[in-house]
Amino acid sequence: EKSKEDKMLERLIETPPWLPPSLAAFAATSPVEVSLSHWKKIRTDLLGESDGFLCTSWDSTDVAAVFRGRIPRTYANSKADDEEEPNEKSMAAIFDQIQQKLEKHPELKD
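Keep in mind it's a predicted model, so treat the numbers as computed, not measured. (Residues numbered from 1 in each chain as written. Predicted model: local features only at pLDDT ≥ 70, side-chain atom pairs only at ≥ 80, totals over all residues. Heavy atoms only, no water.)

Participant: Looking at this model, I keep getting lost on the overall build of the protein. Mind explaining?
Facilitator: From N to C terminus, the protein includes five helices and two strands. Element-wise, carbon and sulfur atoms account for 53% of the exposed surface of the protein, whose accessible area totals about 8,100 Å². (Helix = DSSP H or I, 4+ residues; strand = E, 2+ residues; numbered from the N terminus. Areas by Shrake-Rupley, 256 points an atom, 1.4 Å probe, with all protein chains shown as cover.)

Okay, here's the thing in structure tokens:
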């Protein structure tokens, strides 16, 4: 098994282009690794059943992932009855829904 230093160096060298440089050092030194099966569960169980976020692609490493997608215009442009501008809470509602699913998921909540 690789030492912590070897893993850190490997992660720094193999930093994917989608990982912001400001997070590269944090990711490289992360003591927690996430399995590919858990990233897939996030994609299917949390994001796949989302009412507002449509995941179109994703990439991952053992410590970080990016889920790309879109929010349909009808949802993103929705307005509350008393607002003149698009409802920012609708965007927050999408992430709240995903967060709630995460907290209730038997395999991902921890």
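Having put the structure on the table, let's press on.
Participant: Looking at this structure, I do not really get the pairing of strand β2 (residues 65-70). What am I missing?
Facilitator: Each regular strand displays side chains that alternate between the two surfaces of the sheet. Here strand β1 (residues 54-60) pairs with β2 via six bridges, running antiparallel. When the bridges of β2 are listed, Asp59 appears paired with Val66. The hairpin formed by β1 and β2 contains four residues between the paired strands. (Pairing = 2+ DSSP bridges.)

Participant: Teacher, can you tell me more about the nonpolar core here?
Facilitator: Nonpolar side chains tend to gather and get buried jointly when the protein is soluble and globular. The biggest cluster of nonpolar side chains holds nine residues, and these are Trp39, Ile42, Leu46, Leu47, Phe53, Cys55, Ile94, Ile98 and Leu108. Per-element accounting of this core gives the leading share, four residues, to helix α3 (residues 36-47). (Core = buried A, V, L, I, M, F, W, Y, C linked by side-chain atoms within 4.5 Å. Buried < 20%, exposed > 50% of the residue type's maximum accessible area, 1.4 Å probe, protein only.)

Participant: Honestly, the packing of aromatic side chains in this entry has me stumped. Any pointers?
Facilitator: The way to describe two aromatic rings as a pair is by their centre distance and the angle between their planes. A complete count under the given rule lists two aromatic pairs for this structure. Taking the centre distance of 5.8 Å and the plane angle of 15° together, the rings of Trp58 and Phe67 count as stacked. (Phe/Tyr/Trp six-rings, centres within 6.5 Å; stacked < 30°, edge-to-face > 60°.)

Participant: Sorry if this is basic, but what is going on with the side chain of His105 here?
Facilitator: Tracing the chain through its elements places His105 in the segment after α5 (88-104). Side chain to side chain, His105 and Asp45 meet in a polar contact 2.7 Å long. Excluding residues within four positions of it along the chain, His105 makes contact with Lys41, Asp45 and Leu46. (Polar contact = N/O pair within 3.5 Å; in protein donor to acceptor, adjacent residues only side chain to side chain. Contact = heavy atoms within 4.5 Å.)

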